[in-house]
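This is what each chain is made of:
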Amino acid sequence: MPVESAASVFPQLEALLPHVQKPIQYVGGELNSTVKPWEECEVRWALMYPDAYEVGLPNQGVMILYEVLNERDGVLAERTYSVWPDLEKLMREHEVPQFTVDSHRPVGAFDLFGLSFSTELGYTNMLAALDLAGIPLEAADRTVAHPLVVAGGHAAFNPEPVADFIDCAVIGDGEQAVLEITDVVRAWKAEGMPGGRDEVLLRLAKTGGVYVPRFYDVEYLPDGRIARTVPNRSGVPWRVSKHTVMDLDEWPYPKQPLVPLAETVHERMSVEIFRGCTRGCRFCQAGMITRPVRERSITGIGDMVEKGLRATGFEEVGLLSLSSADHSEIGDVAKGLADRYEEEKIGLSLPSTRVDAFNVDLANELTRNGRRSGLTFAPEGGSERMRKVINKMVSEEDLIRTVSTAYGNGWRQVKLYFMCGLPTETDEDVLQIADMATRVIAEGRAASGRSDIRATVSIGGFVPKPHTPFQWAPQLSPEDTDARLAKLRDKIRGDKKYGRSIGFRYHDGKPGIVEGLLSRGDRRVGAVIRAVYEDGGRFDGWREYFSYDRWMACAEKTLPAFGVDVDWYTTRERSYEEVLPWDHLDSGLDKDWLWEDWQDALDETEVEDCRWTPCFDCGVCPSMQTEIQIGPTGRKLLPLSVAGK
Ligand code: SF4
């Protein structure tokens, strides 16, 4: 459909590369990358992770979709990443458009431009890429000559702030969804593109699984709240459903992981060992929107690790999920893999681990073939009361026992992750983080008999997210966050006996407010994003590029026209009656259940994990026709039968 020339821009780009930092990131040709014949394909996707190559390349979501699409006959997918400002400037001067790294074709020449947003801080990078690609920023200004701009990833569960810039959004798992979209576009193209862009978007919207913002009108109340979001075309559903892939063993992707050319944030092979989490931590959007839990089988994991290692040559395997030690057969998985790869010295890592699911036997298996690096635990809340509010059922005793066993078994470094600004939190709750850290050091010294052990307390600001029980909660202002953390820092530093063994890392509260604005924003926030982009905003997830002052200045310029401001979106508590901007996007969670869980949080009442207790009716399984899939399967990882295949 796009009419723009699809010829490679590499000759023009090559001339610019000697003048930019890390030019290797723009040349493509990584091990396991794919370039399919352009002319022989009917549907062509450009896939973007809207951040720099070093962050974007290891992104599992994009890697999976890239492979799933390229396996299809007549379909191709290429990758594009955000270019750094040095190259952007040169590209603008020399009229080189946003390009894919695989065959260096202009993004504007593809049928679909899919962006995966794991964070809202990538929105300005999307606008930069659209503009560089020659694609009008506003969807309403695009014609049949432009690609369809498709948003996905966790941030797409509330795409309203970017509703004017995208053509459609997909919520939930992407594997099957991209193939369904591809089929609709392929059929429409084969028919000669009847009805143009509007028609293909209407066909997508009518599937019920693709959200097309232009087919919904948002009506507002005089006080600025939303009155309702209503379809403006017949046949378009009132609510758009999320996609859920059942049986991960049928989707063993990536089979051929990409091996980066330039340095990236993760230099390892990753295998997703399960998807979803039902622990019920109330702050955790990822856990809420990816329900239910679906485990990959132990044999499925073994097969993926073996094939992936052979395909890449990586020396480390990351076992990914939202809480990896919760896999019902994690002990057998870790032992089986450590045994199998003992001679090759392949290291294993579990990037996210819960204190109560962790045991030192497991840690010993994980480090048997590799380095014994630090351990990270995330109690999230400093006081027992706070942990009840957030439903993180970890007792201080559990934590101390686990951490001192780790110190006793030879670990010297432990990182403890907490949040500040949680609902109902007081200074006292946060100051208890210091008490916990000093107990960790005291017990650790006793268990290890050494005085050189260390703990680092790392603190992030809490941002209330859509589709969680905290979606109604007021966010703490940056001033209050900073003041609370300053008191904590003083308490830790003032401790003569243990303070020197405790590191303290925290970010100021300002970036969290911008994230909060974008997370719970509505269509009116699009004006802020555009103003920030036009003022030069890029790479907002990078401290050296992020400018709080710019965001606030642009918000002050644009939001008063709508009678709202940044506080209205962030520090304001919502009521039960309020229509939320994302209410028409169905994550499966029952809104009344979320509200009850919010009330339970305020009462400090905990909820169990439905993996091991009866279903507590969050709504996901019946509404999405899904179910919890967990082991044990009773199978063992060995014997090995996949080598050489
Ligand atoms: S519907 Fe029930 S079993 Fe399914 S995720 Fe929700 S609480 Fe768990």
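Everything quoted here is computed from the prediction, not taken from an experiment.

**Some thoughts on the environment of Ser 328**
Move 1: Tracing the backbone shows Ser 328 in the loop between strand E12 (316–320) and helix H10 (330–340).
Move 2: For the pair Ser 328 and Pro 632, spaced 304 residues apart in the sequence, the C-alpha separation amounts to 5.8 Å.
Move 3: Here Ser 328 is in contact with Glu 295, Ile 630, Gly 631 and Pro 632, once residues within four sequence places are set aside.
Move 4: Within polar-contact distance, the side chain of Ser 328 engages the side chain of Glu 295 at 2.7 Å.

**Some thoughts on helix H5 (residues 123–133)**
Move 1: Within H5, ten of the eleven residues are buried, which leaves the element mostly enclosed by the surrounding structure.
Move 2: Of the residues trailing H5, Gly 134 is marked for its positive phi of about 80°.

**Thoughts on unusual backbone geometry**
Move 1: Here the amide bond leading from Tyr 253 into Pro 254 is cis, since omega sits at -5°, within 30 degrees of zero.
Move 2: Tracing the sequence through the fold places Pro 254 in the loop between strand E8 (240–241) and strand E9 (269–272).
Move 3: The omega angle of the peptide bond from Arg 291 to Pro 292 is -5°, so this bond is cis rather than trans.
Move 4: Positionally, Pro 292 belongs in the loop between helix H8 (285–289) and strand E11 (294–295).
Move 5: With a phi angle near 55°, His 104 is a residue other than glycine that sits in the positive phi range.
Move 6: Examined against the element boundaries, His 104 turns out to sit in the loop between helix H4 (85–94) and strand E3 (112–116).
Move 7: When its relative accessible area of 5% is taken as the criterion, His 104 is described as buried.

**Description of the environment of Ala 133**
Move 1: Summarising the element assignment, Ala 133 is placed in helix H5.
Move 2: On the basis of relative accessible area, Ala 133 is assigned to the buried category, the value being 3%.
Move 3: Spatially, the C-alpha atoms of Ala 133 and Phe 99 are 7.5 Å apart, while their sequence positions differ by 34 residues.

**A short note on the pattern of salt bridges**
Move 1: Inspection of every chain in the model, using the stated rule, returns 61 salt bridges.
Move 2: Lys 591 is the partner of Asp 583 in a salt bridge, and the nearest nitrogen-oxygen pair spans 2.7 Å.
Move 3: A single network of salt bridges, built from pairs that share partners, joins Arg 142, Asp 167, Arg 197, Asp 198, Arg 214 and Arg 233.

**Topic: the site of the ligand**
Move 1: With respect to spatial proximity, the complete set of residues near the ligand consists of Thr 278, Cys 610, Cys 615, Phe 616, Asp 617, Cys 618, Gly 619, Val 620, Cys 621, Pro 622 and Ile 628.
Move 2: Partitioned by chemical class, the residues of the shell around the ligand number eight nonpolar, two polar and one charged.

**Points about the pairing of strand E7 (residues 226–231)**
Move 1: For strand E6 (residues 216–220) and E7, the ladder comprises five bridges, and the chain directions are antiparallel. Bridge pairing in E7 places Val 218 opposite Thr 229.
Move 2: Following E6, the chain reverses through five residues before pairing antiparallel with E7; Gly 224 in that reversal takes a positive phi of roughly 100°.

**Side note on the packing of aromatic side chains**
Move 1: Evaluated as defined, the whole model comprises 18 aromatic pairs.
Move 2: Judged by centre distance (6.3 Å) and plane angle (75°), the rings of Tyr 26 and Phe 99 are edge-to-face. Of this pair, Tyr 26 sits in the loop between helix H1 (10–16) and strand E1 (43–49) while Phe 99 is found in the loop between H4 and E3, placing the two residues 73 residues apart along the sequence. We note that Tyr 26, like Phe 99, is buried.
Move 3: Where Tyr 211 meets Tyr 216, the ring centres are 5.1 Å apart and the plane angle is 50°; that geometry is what we call tilted. Each member of the pair, Tyr 211 together with Tyr 216, is buried.

**Observations concerning the sheet that holds strand E16 (residues 454–461)**
Move 1: Strand order in the open sheet formed by four strands is E14-E15-E16-E17, and the pairing between neighbours is parallel. The open sheet terminates on both sides in strands that have one partner only, identified here as strand E14 (375–380) and strand E17 (502–506). Direction aside, neighbouring strands of the sheet carry axes that sit 20° apart on average.
Move 2: Here five bridges tie E16 to E17, and the two strands are oriented parallel to one another. For Ala 455, the partnering residue across the bridge sits in E17 and is Ile 502.

**Concerning the packing of H10 against helix H11 (residues 360–367)**
Move 1: Following both chains from N to C, one finds H10 and H11 inclined at 25°, their axes separated by 8 Å at the closest point. Classified by the angle their axes make, H10 and H11 are roughly parallel. Our pair here, H10 against H11, has a crossing hand that is left-handed. Contacts between H10 and H11 involve Ile 330, Ala 334, Lys 335 and Ala 338 on the former and, on the latter, Leu 362, Glu 365 and Leu 366.
Move 2: Tallied by class, residues from the contact of H10 with H11 come to five nonpolar, no polar and two charged.

**Digging into the nonpolar core**
Move 1: In terms of nonpolar packing, the biggest core is built from 119 residues, with Trp 45 and Phe 113 touching the most fellow members.
Move 2: Among the elements that take part in this core, H5 stands out by supplying eight residues, more than any other.
Move 3: Apart from the residues lying within four places of it in its own chain, the contact partners of Phe 113 are Ala 46, Met 48, Thr 80, Val 107, Ala 129, Leu 130, Ile 135, Pro 147, Leu 148, Val 149 and Val 150.
Move 4: Counting residues in hydrophobic clusters, the runner-up holds 31 residues, among them Ala 406, Trp 411, Leu 416 and Leu 488.

**Examining the packing of H4 against H5**
Move 1: Where H4 meets H5, the axes come as close as 11 Å, and the angle between the chain directions of the two elements is 25°. Between H4 and H5, the crossing angle belongs to the class labelled roughly parallel. Here the hand of the crossing between H4 and H5 comes out left-handed. Counting all contacts with H4, which are made through Glu 88, Met 91 and Arg 92, the residues of H5 involved are Ala 128, Asp 131 and Leu 132.

Rules of the game
- Residues numbered from 1 in each chain as written.
- Predicted model: local features only at pLDDT ≥ 70, side-chain atom pairs only at ≥ 80, totals over all residues.
- Heavy atoms only, no water.
- Helix = DSSP H or I, 4+ residues; strand = E, 2+ residues; numbered from the N terminus.
- Contact = heavy atoms within 4.5 Å.
- Polar contact = N/O pair within 3.5 Å; in protein donor to acceptor, adjacent residues only side chain to side chain.
- Buried < 20%, exposed > 50% of the residue type's maximum accessible area, 1.4 Å probe, protein only.
- Salt bridge = Lys/Arg side-chain N within 4 Å of Asp/Glu carboxyl O.
- Near = heavy atom within 4 Å.
- Nonpolar A, V, L, I, M, F, W, Y, C, P; charged D, E, K, R; others polar.
- Pairing = 2+ DSSP bridges.
- Phe/Tyr/Trp six-rings, centres within 6.5 Å; stacked < 30°, edge-to-face > 60°.
- Axes fitted to C-alpha atoms, helices over the stretch in contact; angles between N-to-C directions.
- Parallel < 35°, antiparallel > 145°, perpendicular 65-115°, else oblique.
- Left-handed = near helix turned anticlockwise from the far one by under 90°.
- Core = buried A, V, L, I, M, F, W, Y, C linked by side-chain atoms within 4.5 Å.

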